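Summary of the model geometry
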Amino acid sequence: AKGVRLNFQNGPISGSGGGSYHPDTKEVYLPRIGQETILHELGHAADYSTRMGRVRAYADPIIRNGVLTALPIALAAGDHIKEMIPGTIDDKAISFMQDHAPSIMAATLTATTLYPEAKASIMAIRHIRDLERLGRQPVGATARAAKRLLPLFGSYLLGAVPAVVGMALAKKYMNQ
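Now for a quick tour of the structure. Bear in mind that the values here come from a model prediction, so they are computed numbers and not experimental data.

Looking now at the packing of helix α2 (residues 51-84) against helix α3 (residues 89-99). The contact between α2 and α3 brings their axes to 9 Å, and the two run at 130°. Between α2 and α3, the crossing angle belongs to the class labelled oblique. Here α2 and α3 pass one another in a crossing that is left-handed. Touching Ala70, Leu71, Ala74, Leu75, Gly78, Asp79, Ile81 and Lys82 of α2 are Asp91, Ile94, Ser95, Met97 and Gln98, all from α3. Residue composition of the contact of α2 with α3, by class: seven nonpolar, three polar and three charged.

Note on sheets: strands pair through backbone hydrogen bonds, and any given pair is parallel or antiparallel. Read across the open sheet, the three strands follow the order β1-β3-β2; overall the sheet is mixed. Strands with a single pairing partner mark the edges of an open sheet, and in this sheet they are β1 (5-7) and β2 (20-22). Here the strands of the sheet are splayed against their neighbours by 20° on average, with no regard to which way each runs. Two elements, β2 and strand β3 (residues 27-29), share three bridges in a ladder whose sense is antiparallel. Paired with His22 across the strands is Glu27, a residue of β3. Lying over the sheet, helix α1 (residues 35-48) contacts β1, β2 and β3, oriented at roughly 20° with respect to β2.

What follows covers a nonpolar patch on the surface. A cluster of nonpolar side chains, Leu158, Val161, Val165, Leu169 and Tyr173, forms an exposed patch at the surface whose accessible area comes to about 480 Å². Tracing the backbone through its elements, the reader meets Leu158 in helix α5 (residues 141-175). Take Leu158: its relative accessible area is 63%, and that puts it in the exposed class.

Our focus in this paragraph is unusual backbone geometry. A positive phi angle, near 55°, is found at Lys26, a position not held by glycine. For Lys26, a relative accessible area of 31% corresponds to the partly exposed category.

How each quantity is defined
- Residues numbered from 1 in each chain as written.
- Predicted model: local features only at pLDDT ≥ 70, side-chain atom pairs only at ≥ 80, totals over all residues.
- Heavy atoms only, no water.
- Axes fitted to C-alpha atoms, helices over the stretch in contact; angles between N-to-C directions.
- Helix = DSSP H or I, 4+ residues; strand = E, 2+ residues; numbered from the N terminus.
- Parallel < 35°, antiparallel > 145°, perpendicular 65-115°, else oblique.
- Left-handed = near helix turned anticlockwise from the far one by under 90°.
- Contact = heavy atoms within 4.5 Å.
- Nonpolar A, V, L, I, M, F, W, Y, C, P; charged D, E, K, R; others polar.
- Pairing = 2+ DSSP bridges.
- Patch = residues over 30% accessible without salt bridge, like charges linked within 9 Å, V, L, I, M, F, W, Y side chains within 5 Å.
- Areas by Shrake-Rupley, 256 points an atom, 1.4 Å probe, with all protein chains shown as cover.
- Salt bridge = Lys/Arg side-chain N within 4 Å of Asp/Glu carboxyl O.
- Buried < 20%, exposed > 50% of the residue type's maximum accessible area, 1.4 Å probe, protein only.

This is the structure in structure tokens:
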């Protein structure tokens with residue numbers, strides 16, 4: 001009904017073995033994975049099929065790429081840019097980015113990566129929990145699903161750490 005297609009063959013990253021959802025093609029790739037991962041990827045499809053999800057699917061890459069481009073420029077060349085065009089709103093924006101680079105990076109990655117991953121995992125775990133309560137899943141299925149999905153979410157969380165720490169270190173050394 002939402003126009004999402006399921007593909008049980010290898011996805012764009014051939015042979016990766018993991019599932020993935022691609023909002024641009026509305027296709028869920030599900031090669032050789034467990035039910036909790038399938039439900040996680042279908043959670044992405046359900047999430048991105050909503051009005052707000054479609055907005056996020058469009059805006060997230062633009063926001064993420066804009067921040068990943070603007071913050072290093074603000075840290076490395078911001079003072080020079082402010083000297084070249086003094087007294088403009090750009091001065092305030094550059095100063096804000098310089099002062100809050102780690103927080104901006106953390107907020108951006110949380111909104112564009114961590115939130116959608118957490119939401120899809122929560123939807124999958126809730127679905128399995130509901131089936132377990134109805135007796136359509138074995139006892140303990142919810143705990144097994146959480147045990148499988150939480151470390152996967154942890155990998156996204158750990159992936160955000162270098163960018164945030166990098167911004168903090170860059171800010172520190174640029175100030176010195």
